[in-house]
Amino acid sequence: MPGKPIDWIRPEIRELSAYHVADATGMVKLDAMENPYRLPDEVLRQWQQDLLTADLNRYPDPQAGALQQKLKQIMQVPEGQGMVLGNGSDELIQMLALAVAAPGRCILSFEPGFVMYSMISRFTGMNYIGVPLADDFTLDMDKTREAIEQNQPAIIFIAYPNNPTGNLFDADAIGEIIRMAPGLVVIDEAYHPFAFASFMPTLAEYGHLLVMRTVSKMGLAGLRLGYLCGDAELINEVNKVRLPYNINVLTQYSARFILDNAGFLDGQAEMIRSDRDKMLKHMTLLDGVEVFPSQANFILFRLKHADADKVFDSLHDQGVLIKNMNSPGVLHNCLRVTVGTSEENHAFLFALEQALNS
Ligand SMILES: *Cc1c(COP(=O)(O)O)cnc(C)c1O
């Protein structure tokens, strides 16, 4: 019998460290793949007006029906497909895991990859299989086939583009994974606004394929809103583990309003893509920096001679916060920077050159 209160906490939870978010006060913040731009003044004013009619004394629409309709239309979800909304796509990953969790079952994804797949597997008592990517961060199909055959995963998560590497996996290879998967396959398109590729149009071809997206990286991270699309019957089952009012009144109102006036978001994404390409070019010219191609709003790079921890600290001392990805293995000596405004990007590039030359 456990003695202390804390002994009741499962050992696999006690082993974890809580998801760490760095303090960014006063920093040039390029660590979390946020869109650096705020709402245009006119949209901001109208949005505030619109919010005056929100009923904060009432529970929100439990299905957020009006918002779902809007998302289906604007995001070109194929006719007849189902949708469920999450408090960020993180919550959708949790719902999916809760819906399939059973002793001995596992979730499969790729490493290096998005940390929440493995974290949430653990939270829900499932095994997690991380199939290593090849050294160039492409899918290693021999390892993938073997891992799927051996482990028969309940869910395979594929981030497209991948985080933290920034690349799009080969679409034909993903097609093969979809066809060989015994369970569900979730294509996580969090970075869709920065890539010209999507599995959304193929949803109707496969009953076990789901496409997950979020409004976070496209400029509305503060709202916490993700959406999962796929076969209506399957979505209906996932919807059963959703807590009733997970999308609050302010988020439902705000998202509907902003999506009605969303033209500016496309413009911002275009600016970010163009600044990303400029930054990639600039970084490629730096001596001692290996830059990995990116279809997302961030860039992964490796320091060939300098020590990544020291460079990270030097950038931090210079007021620039990025993400330190340095760990043994394929991410050895790697750092990840989010594309910000052109001023922020210049501040980063200047600080990086300082750090490399010191
Ligand atoms: C950022 C990110 C998410 C989480 O998005 P939220 O909607 O903010 O929870 C999901 N998947 C990937 C690959 C991400 O990088």
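Notes on the structure follow. (Residues numbered from 1 in each chain as written. Predicted model: local features only at pLDDT ≥ 70, side-chain atom pairs only at ≥ 80, totals over all residues. Heavy atoms only, no water.)

1. Quick word on unusual backbone geometry
Geometrically, the link from E111 to P112 is a cis peptide bond, its omega value of 0° lying close to zero. Along the chain, P112 falls in the loop between β3 (106-111) and α5 (115-123). Residues N163 and P164 are joined by a peptide bond in cis, for which omega reads 15°. Even without being a glycine, A64 presents a positive backbone phi close to 50°. (Helix = DSSP H or I, 4+ residues; strand = E, 2+ residues; numbered from the N terminus.)

2. Side note on the pattern of salt bridges
Per the counting criterion, the structure on display carries 16 salt bridges. Two residues, K278 and D275, come together in a salt bridge whose shortest N-O distance is 3.6 Å. One end of the pair, K278, and the other, D275, are both in helix α11 (residues 263-284), three residues apart, so they sit about a helical turn from each other. Classification of K278 by relative accessible area gives exposed; the value is 55%. The class of D275 is buried, set by a relative accessible area of 8%. Of the charged contacts in the structure, one is a salt bridge between R302 and E290, with a shortest N-O distance of 3.3 Å. Residue R302 is found in strand β10 (residues 298-303), and its partner E290 is found in strand β9 (residues 289-291); the two are separated by twelve residues along the sequence. With a relative accessible area of 30%, E290 lands in the partly exposed category. Residues joined in a network through salt bridges with shared partners are K29, D31 and E34. (Salt bridge = Lys/Arg side-chain N within 4 Å of Asp/Glu carboxyl O. Buried < 20%, exposed > 50% of the residue type's maximum accessible area, 1.4 Å probe, protein only.)

3. Quick word on the sheet that holds strand β2 (residues 82-86)
Taken in spatial order, the seven strands make up an open sheet running β2-β8-β7-β6-β5-β3-β4, and their pairing is mixed. On the outer flanks of this sheet lie β2 and β4 (127-132), each paired with one strand and no other. Adjacent strand axes in the sheet meet at a mean angle of 20°, parallel and antiparallel pairs treated alike. In terms of strand pairing, strand β6 (residues 184-188) meets strand β7 (residues 209-214) through four bridges, oriented parallel. Looking at β7, one finds that D188 is bridged to M212. Against the sheet, helix α4 (residues 89-100) touches β2, β3, β5 (155-159), β6, β7 and β8 (226-230), its axis set at about 115° to β2. (Pairing = 2+ DSSP bridges. Axes fitted to C-alpha atoms, helices over the stretch in contact; angles between N-to-C directions. Contact = heavy atoms within 4.5 Å.)

4. Overview of the site of the ligand
By nearness alone, 13 residues border the ligand, and D188, Y191, T214, S216 and K217 come closest of all. Separating an oxygen atom of the ligand from a backbone N or O atom of S89 is a distance of 2.7 Å. Contact distances for the ligand include 2.9 Å between an oxygen atom and a side-chain N or O atom of N163. Surface burial for the ligand is 93%, taken as the share of its 390 Å² of free accessible area covered by protein chains. Taken together, the elements giving at least two residues each to the shell around the ligand come down to α4 and α8 (216-220). Broken down by class, the residue content of the shell around the ligand amounts to four nonpolar, five polar and four charged. (Near = heavy atom within 4 Å. Polar contact = N/O pair within 3.5 Å; in protein donor to acceptor, adjacent residues only side chain to side chain. Areas by Shrake-Rupley, 256 points an atom, 1.4 Å probe, with all protein chains shown as cover. Nonpolar A, V, L, I, M, F, W, Y, C, P; charged D, E, K, R; others polar.)

5. Comments concerning the sheet that holds β9
Taking strand neighbours across the sheet as the criterion, the four strands line up as β9-β10-β13-β12 in an open arrangement whose pairing is antiparallel. One side of each edge strand has no neighbouring strand; the edge strands of this open sheet are β9 and β12 (323-324). With three bridges connecting them, β9 and β10 associate as antiparallel partners. Directly across from V291, in β10, lies its bridge partner F301. In this fold α11 packs onto β9, β10 and β13 (334-338), with an angle of close to 10° to the strand it touches most, β10. Along the sheet, helix α12 (residues 308-317) makes contact with β10, β12 and β13, crossing β13 at roughly 30°.

6. Here we look at a nonpolar patch on the surface
There is a patch of nonpolar side chains on the surface, built from Y19, V21 and V115 and spanning about 310 Å² of accessible area. Here Y19 shows up in the loop between α1 (11-14) and β1 (28-29). (Patch = residues over 30% accessible without salt bridge, like charges linked within 9 Å, V, L, I, M, F, W, Y side chains within 5 Å.)

7. Quick look at the side chain of S89
Within the secondary structure, S89 sits in helix α4. With near-sequence residues (within four places) excluded, S89 lies in contact with M212, R213, T214 and G226.

8. Describing the packing of helix α6 (residues 141-151) against helix α7 (residues 171-180)
To characterise two packed helices, one gives the angle between the axes of the helices and the distance between these axes. Following both chains from N to C, one finds α6 and α7 inclined at 15°, their axes separated by 11 Å at the closest point. On the basis of their axis angle, the class for α6 and α7 is roughly parallel. Crossing angle aside, the handedness with which α6 passes α7 is right-handed. Contact residues: M141, T144, R145, I148 and E149 in α6; A173, E176, I177 and M180 in α7. Its residues placed into classes, the contact of α6 with α7 shows five nonpolar, one polar and three charged. (Parallel < 35°, antiparallel > 145°, perpendicular 65-115°, else oblique. Left-handed = near helix turned anticlockwise from the far one by under 90°.)

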